[in-house]
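The chain contents come next:
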Amino acid sequence: MTGNPPAADEYRIPHYIAITEKLKRGEYDISSQIQGLGQLGQALYELAKALEHRYREFQYLDRITANLNAGLLLDEVLENVYNDFRELIPYDRIGFALLEDNDTMLRACWAKTNASDIKLTIGYAASMAGSSLETIMRTGQPRILNDLRAYLRDKPQSESTRLIVEEGYQSSLTCPLVANNMPVGFMFFSSLLPNTYTDVHVDMFQRIAGQLSVIVEKGRLVSELAAQKQALEEKNDELIRLNDLKNTFVGMAAHDLRSPLGMVQVALSFVSGHADMLSEGEQQEMIEEAYRQSRYMLQLIDDLLDVTRIESGKLELKPEPITLPDFLQDITARHNKLAASKNTHVTLKPPPGGTITADPVRLRQVLDNLISNAVNFSPSSSQVTVWLDRLPDGWRFNVQDEGPGIRPEDREKLFQDFARLSARPTGGEKSTGLGLAISRRMIEAHGGHIDVESGPGQGATFWFTLPA
Ligand SMILES: Nc1ncnc2c1ncn2[C@@H]1O[C@H](COP(=O)(O)OP(=O)(O)O)[C@@H](O)[C@H]1O
Ligand SMILES: [Mg+2]
């Protein structure tokens, strides 16, 4: 404009100035002040309304970003998105999918709705190659589909569209997420009504897309780190546990091997250096003692190796079909012979016929331990009875004795490593305290359960189950 304003406008100028001052302060309600201010007054009024609108929008976006940023993990971020976007874009469902495997796969990672069952579930994955989403990602342009059923009729091969339509949705807005120039994934708004989305919503999304993408990517990274940290902590706890176990074992082994080794040494030094001082019978006794002690040491070492193998996950079961009656007869007959020196009888009640699939070496090991315990911890001239019950879904093996039984306070420790409890072997047999702990692990590895029924002075019935 050139020259002075017309004289008639002269009086309006202070009003114009007052109004602009007001706008500068962020006061947008000027409707009462524009009377008599002509076309320019009307223009100022429109400007005030536009400024107010922008201001509210800005405030709103600011609040969304603050809320989104408040979430640390991806799930928290997305939960905030679901709550905050409602004023910006209409939807009944929001879904998120992130790119994986060098951006070749898309995996649904989050979805929320108040309206329907979610059929397109978390974990659903699809290849990006040749899909319409690939185009959306390449152009960076959101896509509006205002009639999903028609779209599906055109593209019946689109599995994700079919799932969304089955959930009841009729229109969708698909928005690409790009953080730091790198494609991140997609955000899907869906509406139960047709024709929900317009370019206004696309504009709205574009305004916040950059920040949203960065926040989502941050959330993804934080979630990934959290998962990794948890895995590491679990691994670490496991290593600490194994290390503690190892230390216990080294300590116990050193302690338990020391005295039998001492005895072997004494026996051998007598026989080799002072044979002339001993009768032939005494020499024989010494050699037998050395043999017994070395057998015990071997047993202890085998037991320790077993526990270590199981605990470090290196026990490999070699299951095969076992004919139960033959198997049990063989084992009990052998124990009956061994127990003869104690005048103890090991009796097998006639077992039902049948086969079971299990590792025969390990199953024998468990039975050996239960039967030898029954013999070792019972007084001489007692009865040990072994029998087998058929269960609806497997078998139950029982070993009953007439020994001291298990005290209630001992029960808990019974199946733990190095449990040597109040009952001591009655015929000078050796005890490592590992047999039941190993048996428990073996039975559990077979999917069974082991326990004991007993009261003090009433003998004990150790039993375990194996699934059919
Ligand atoms: N049949 C039983 N009767 C009484 N006590 C038993 C019986 N079986 C096991 N025990 C107690 O449980 C402890 C642990 O048994 P086990 O783990 O087999 O180790 P070990 O036989 O080498 O001592 C035994 O030392 C004993 O005190
Ligand atoms: Mg034992």
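Residues numbered from 1 in each chain as written. Chains lettered and ligands numbered in written order. Predicted model: local features only at pLDDT ≥ 70, side-chain atom pairs only at ≥ 80, totals over all residues. Heavy atoms only, no water.

Chemist: Go over helix H10 (residues 360–376) with me, naming the residues and quoting the values.
Modeler: Between its terminal C-alpha atoms H10 stretches 23 Å, which fits the 24 Å expected from 17 residues at 1.5 Å a residue. In terms of residue burial, H10 counts as a mostly covered element, since 13 of its 17 residues are buried. Its side-chain oxygen 3.1 Å from the backbone nitrogen of Val361, Asp359 forms the N-cap of H10. (Helix = DSSP H or I, 4+ residues; strand = E, 2+ residues; numbered from the N terminus. Expected span 1.5 Å × (residues − 1). Buried < 20%, exposed > 50% of the residue type's maximum accessible area, 1.4 Å probe, protein only. Polar contact = N/O pair within 3.5 Å; in protein donor to acceptor, adjacent residues only side chain to side chain.)

Chemist: How would you summarise the sheet that holds strand E12 (residues 449–454) if you had to cite specific residues and measurements?
Modeler: One open sheet holds the five strands; their spatial order is E8-E10-E11-E13-E12, and the pairing between them is mixed. The sheet is open, and its two borders are formed by strand E8 (345–348) and E12, each paired with just one other strand. Adjacent strand axes in the sheet meet at a mean angle of 20°, parallel and antiparallel pairs treated alike. This element, helix H9 (residues 324–339), spans E8, strand E10 (383–391) and strand E11 (394–400) of the sheet and lies at about 170° to E8. Against the sheet, H10 contacts E8, E10, E11, E12 and strand E13 (460–467), and its axis sits at roughly 170° relative to E13. (Pairing = 2+ DSSP bridges. Axes fitted to C-alpha atoms, helices over the stretch in contact; angles between N-to-C directions. Contact = heavy atoms within 4.5 Å.)

Chemist: Help me get a handle on the coordination of the magnesium ion (ligand 2), residues and values and all.
Modeler: Bound to the magnesium ion (ligand 2) are the protein donor atoms Asn369 (OD1) and Asn373 (OD1), situated 2.3 Å from the metal. With Asn369 and Asn373 both in helix H10 and four residues apart, this pair spans about one turn of that helix. When sorted by exposure, Asn369 lands in the same class as Asn373, which is buried. (Donors = N, O, S within 2.8 Å, 3.2 Å for Na, K, Ca; no water.)

Chemist: Go over the sheet that holds strand E6 (residues 182–191) with me, naming the residues and quoting the values.
Modeler: Taken together, six strands build an open sheet; the order of strands is E3-E2-E1-E6-E5-E4 and the sheet is antiparallel. One side of each edge strand has no neighbouring strand; the edge strands of this open sheet are strand E3 (125–127) and strand E4 (143–145). Within the sheet, the average angular offset between the axes of one strand and its neighbour, ignoring direction, is 25°. Here eight bridges tie strand E1 (residues 93–100) to strand E2 (residues 105–113), and the two strands are oriented antiparallel to one another. What sits directly across from Gly95, in E2, is Ala111. Set on the sheet, helix H3 (residues 74–84) makes contact with E1, E2 and E6; between it and E2 the angle comes to about 55°.

Chemist: Got a sec to walk through the domain arrangement of the chain? Specific residues and values, please.
Modeler: When the parts of a complex come together, some accessible area is lost, and that lost area is often used as the size of the interface. You can read the domains of the chain as domain 1 (7–69), domain 2 (72–223), domain 3 (234–311) and domain 4 (320–467). Each of domain 3 and domain 4 was reduced to a C-alpha centroid, and the two centroids are 24 Å apart. Between domain 3 and domain 4, the residue contacts involve 15 residues of the former and 12 residues of the latter. Summed over both partners, the interface of domain 3 with domain 4 buries about 1200 Å², with 66% contributed by carbon and sulfur atoms. One can count two salt bridges joining domain 3 with domain 4. (Domains from an automatic or database assignment. Buried area = accessible area lost by both parts, 1.4 Å probe. Salt bridge = Lys/Arg side-chain N within 4 Å of Asp/Glu carboxyl O.)

Chemist: Before we move on, could you go through unusual backbone geometry and cite the residues and values that matter?
Modeler: Unlike most non-glycine residues, Asp101 shows phi in positive territory, near 50°. Examined against the element boundaries, Asp101 turns out to sit in the loop between E1 and E2. Its identity as a non-glycine residue notwithstanding, Asn343 has a phi of 60°, on the positive side. Looking at the secondary structure, you find Asn343 in the loop between H9 and E8.

Chemist: An account of the side chain of Thr385 is requested, with residue identities and associated values reported.
Modeler: Examined against the element boundaries, Thr385 turns out to sit in strand E10. In contact with Thr385, other than residues within four places in its own chain, are Thr347, Lys349, Asn398, Val399 and Gln400.

Chemist: Give me the site of ligand 1: which residues, what numbers.
Modeler: Near ligand 1 you find 19 residues, and of these Asp401, Ser431, Thr432, Gly433 and Leu436 are the closest. At 2.8 Å from an oxygen atom of ligand 1 is found a side-chain nitrogen or oxygen belonging to Asn373. Contacts to ligand 1 include Gly435, whose backbone N or O atom sits 3.2 Å from an oxygen atom. Compared with its free state, where it exposes 530 Å², ligand 1 has 97% of that area covered by protein. Those elements that place two or more of their residues in the shell around ligand 1 are H10 and helix H12 (435–445). Of the residues belonging to the shell around ligand 1, the class tally is 10 nonpolar, seven polar and two charged. (Near = heavy atom within 4 Å. Areas by Shrake-Rupley, 256 points an atom, 1.4 Å probe, with all protein chains shown as cover. Nonpolar A, V, L, I, M, F, W, Y, C, P; charged D, E, K, R; others polar.)

Chemist: Requested: an account of the layout of surface pockets, with residues and values cited.
Modeler: Approximately 640 Å³ is the volume found for the second largest pocket. Lining of the second largest pocket is provided by 33 residues; of these, Leu133, Ser158, Ser160, Thr161 and Phe188 occupy positions nearest its centre. The greatest single-element share of the lining of the second largest pocket, amounting to five residues, is contributed by E2. Partitioning the lining of the second largest pocket into residue classes produces 16 nonpolar, 12 polar and five charged. (1 Å grid on protein atoms, 1.4 Å probe; cavity = no way out; pocket = protein on both sides within 12 Å on 5 of 7 lines; lining within 4 Å. Points joined across faces, edges and corners; volume = space filled by probe spheres on them.)

Chemist: Mind laying out the side chain of Arg93, listing which residues take part and the relevant values?
Modeler: Mapped onto the secondary structure, Arg93 falls in strand E1. Judged by relative accessible area, Arg93 falls into the buried class, the value being 3%. Here Glu167 takes part through its side chain, which lies 2.8 Å from a polar atom of the side chain of Arg93. Residue contacts for Arg93: discarding those within four places in its chain leaves Ala111, Lys112, Thr113, Ile118, Leu120, Ile164, Glu167, Tyr169, Phe188, Phe189 and Ser190.

Chemist: Give a description of the packing of H10 against H12 that names residues and reports values.
Modeler: Their axes nearest at 9 Å, the elements H10 and H12 cross at an angle of 145°. Handedness of the H10/H12 crossing: left-handed. When H10 is examined against H12, the residues Arg362, Gln365, Val366, Asn369, Leu370 and Asn373 are found in contact with a partner set consisting of Gly435, Leu436, Ile438, Ser439, Met442 and Ile443. Residues of the contact of H10 with H12, tallied by class, amount to six nonpolar, five polar and one charged. (Left-handed = near helix turned anticlockwise from the far one by under 90°.)

Chemist: A description of the packing of aromatic side chains should follow, citing residues and the corresponding values.
Modeler: In the structure shown here, the tally under the stated rule is 10 aromatic pairs. For the ring pair Tyr28 and Tyr55, a centre distance of 5.9 Å and an interplane angle of 45° mean the geometry is tilted. Residue Tyr28 is found in the loop between helix H1 (13–24) and helix H2 (38–70), and its partner Tyr55 is found in helix H2; the two are separated by 27 residues along the sequence. Members of the aromatic cluster, each reached through a chain of ring pairs, are Tyr82, Phe85, Tyr91, Phe96, Trp110, Phe189 and Phe205. Here Arg86 stacks its cationic end above the ring of Tyr82, 5.3 Å away from the centre of that ring. (Phe/Tyr/Trp six-rings, centres within 6.5 Å; stacked < 30°, edge-to-face > 60°. Lys NZ or Arg CZ within 6 Å of the ring centre and 35° of its normal.)

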